[in-house]
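Spelled out, the chains give:
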Amino acid sequence: MDAYDVAIVGAGPGGLAAAIKAKELGLSFVVLEKGESILQGIIDTYPGGKKVYPTIPKGASEIFPSPDLEPANEPVEVYVDKVRNNLAAHDIDVRLGEDAHELIQEEKRFQVVTSQGSYTCASVILAFGKSIPRDLGIYGEATHVRRRLDDPDQFIGNASLVIGGGNAAADIVAALSRAKRTAEDGSSVYWAHRRGQFRVDKEVARDLGEEILLGGNIRILHEAVPRIGEMDANGVNRLLIGIHDVEVADGIRVHRGLSFPMQHVIACIGMQGPAAVFEKLGLELITSDKITGKKPKSGKQGARFIMLDSQLQTSTEGIYAIGAAISPAYASVDDVGSLARSKHSDLIYSAASDGIKVVEAIAERRNV
């Protein structure tokens, strides 16, 4: 084949929805995924056994955009297997272990260069999500802090600390508590967030509340801030998290905190948006102050957003960005060039909707 109609970079919900729609519309396509499985991002962020819910954004249609990708309140392992079977039924192949390194524009075509080869295409859909963990922002060694929960049983017998105020952190807190309770282990699961309020979806809150009612030993730390990473006298890497400061005379501050071995800490503080990847690919980014007209606060740089038109096409014609890669917001450009900050939910529903919308736009342009 000389060239594909579209190369889809990423086999998450957005990329897979795009592939299914491309198959339906008769477009030639290739799906490239750097991970070892489809839905690798979901596998990496969901604890084992965690249920996947068909959460629908407020104001959206109750009909799930891609039935083949619709979760049914099932464990993540079951969900991934179901989607894998649905792809097989559509005869859709995903090329795993293909990390996209470069995107070369050649007149009206593109070359997507990966770790395994090169693919020529007329259009490109960037559906790779977020893949760079946020920094803890502490002084000292923090590389030993875990970013995901592989085996809850590894935490049995030791107090554990989960950092983060969102769904991923709440899922891990519930999974750890469940494992400890099942093993009749009385050690606590501490849940810390630097702000005063946690923000989780109702389904996640329901699961967590159920675990607490069943006797889970969960201790919540509000306004708890990671302070320093250090090695103790026994050679153990530890994380100190501050939970209370009191000012005394002459500028002296009494500091109260908790220190955990880093091997017992999981940091669920999210991923950074792929601005650096977009920039490397030569796509136009814009800072928040250019959208709002307000200068960033002293000492801070404005957040950078990818610029997309109404069809989620970037500043380079033929390249589109969808799903988690453009969440929680992007810079939307209308037909007269006006800019606005558009919020974008990081949900399976939203990513699937994006994939379908973009492929329909590509098909329409091809048929013109």
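Please refer to the structure placed before this passage.
Structure report, in brief. Given the structure is predicted, the values throughout are model-derived calculations rather than measurements.

## Section: helix α4 (residues 167–182)
Turning to step 1, where the next piece is worked out: Between its first and last C-alpha, α4 extends 22 Å over 16 residues, near the 22 Å set by a 1.5 Å rise per residue.
Turning to step 2, where the next piece is worked out: For α4, the set of buried residues is A169, A170, D171, I172, V173, A174, A175, L176, S177, A179 and K180.
Turning to step 3, where the next piece is worked out: Packed against the buried residues of α4 are β10 (160–163), β11 (189–192), α5 (202–213), β12 (218–221) and β16 (265–267).
Turning to step 4, where the next piece is worked out: Positive backbone phi, at 55 degrees, marks E184, one or two positions downstream of α4.

## So, the pattern of salt bridges
Turning to step 1, where the next piece is worked out: Evaluated as defined, the whole model comprises 15 salt bridges.
Turning to step 2, where the next piece is worked out: Among the salt bridges present, the one from R304 reaches E279, with a minimum N-O distance of 3.0 Å. Here R304, found in strand β19 (residues 304–308), pairs with E279, found in helix α6 (residues 275–280); they are 25 residues apart in sequence, far enough to count as distant.
Turning to step 3, where the next piece is worked out: Looking at R304, the relative accessible area reads 37%, which means it is partly exposed.
Turning to step 4, where the next piece is worked out: Several salt bridges share partner residues, and in doing so they unite K21, E24 and E360 into one network.

## Thoughts on the packing of α4 against α5
Turning to step 1, where the next piece is worked out: At their nearest, the axes of α4 and α5 sit 9 Å apart, and the two run at 25 degrees to each other. By the criterion of interaxial angle, the relationship of α4 to α5 is roughly parallel. Along this stretch, α4 crosses α5, giving a crossing that reads as left-handed. Contacts from N167, A170, D171, V173, A174, S177, R178 and R181 of α4 reach α5 at V204, L208 and E211.

Conventions used here
Residues numbered from 1 in each chain as written. Predicted model: local features only at pLDDT ≥ 70, side-chain atom pairs only at ≥ 80, totals over all residues. Heavy atoms only, no water. Helix = DSSP H or I, 4+ residues; strand = E, 2+ residues; numbered from the N terminus. Expected span 1.5 Å × (residues − 1). Buried < 20%, exposed > 50% of the residue type's maximum accessible area, 1.4 Å probe, protein only. Contact = heavy atoms within 4.5 Å. Salt bridge = Lys/Arg side-chain N within 4 Å of Asp/Glu carboxyl O. Axes fitted to C-alpha atoms, helices over the stretch in contact; angles between N-to-C directions. Parallel < 35°, antiparallel > 145°, perpendicular 65-115°, else oblique. Left-handed = near helix turned anticlockwise from the far one by under 90°.

Read these as geometric descriptors, not functional statements.
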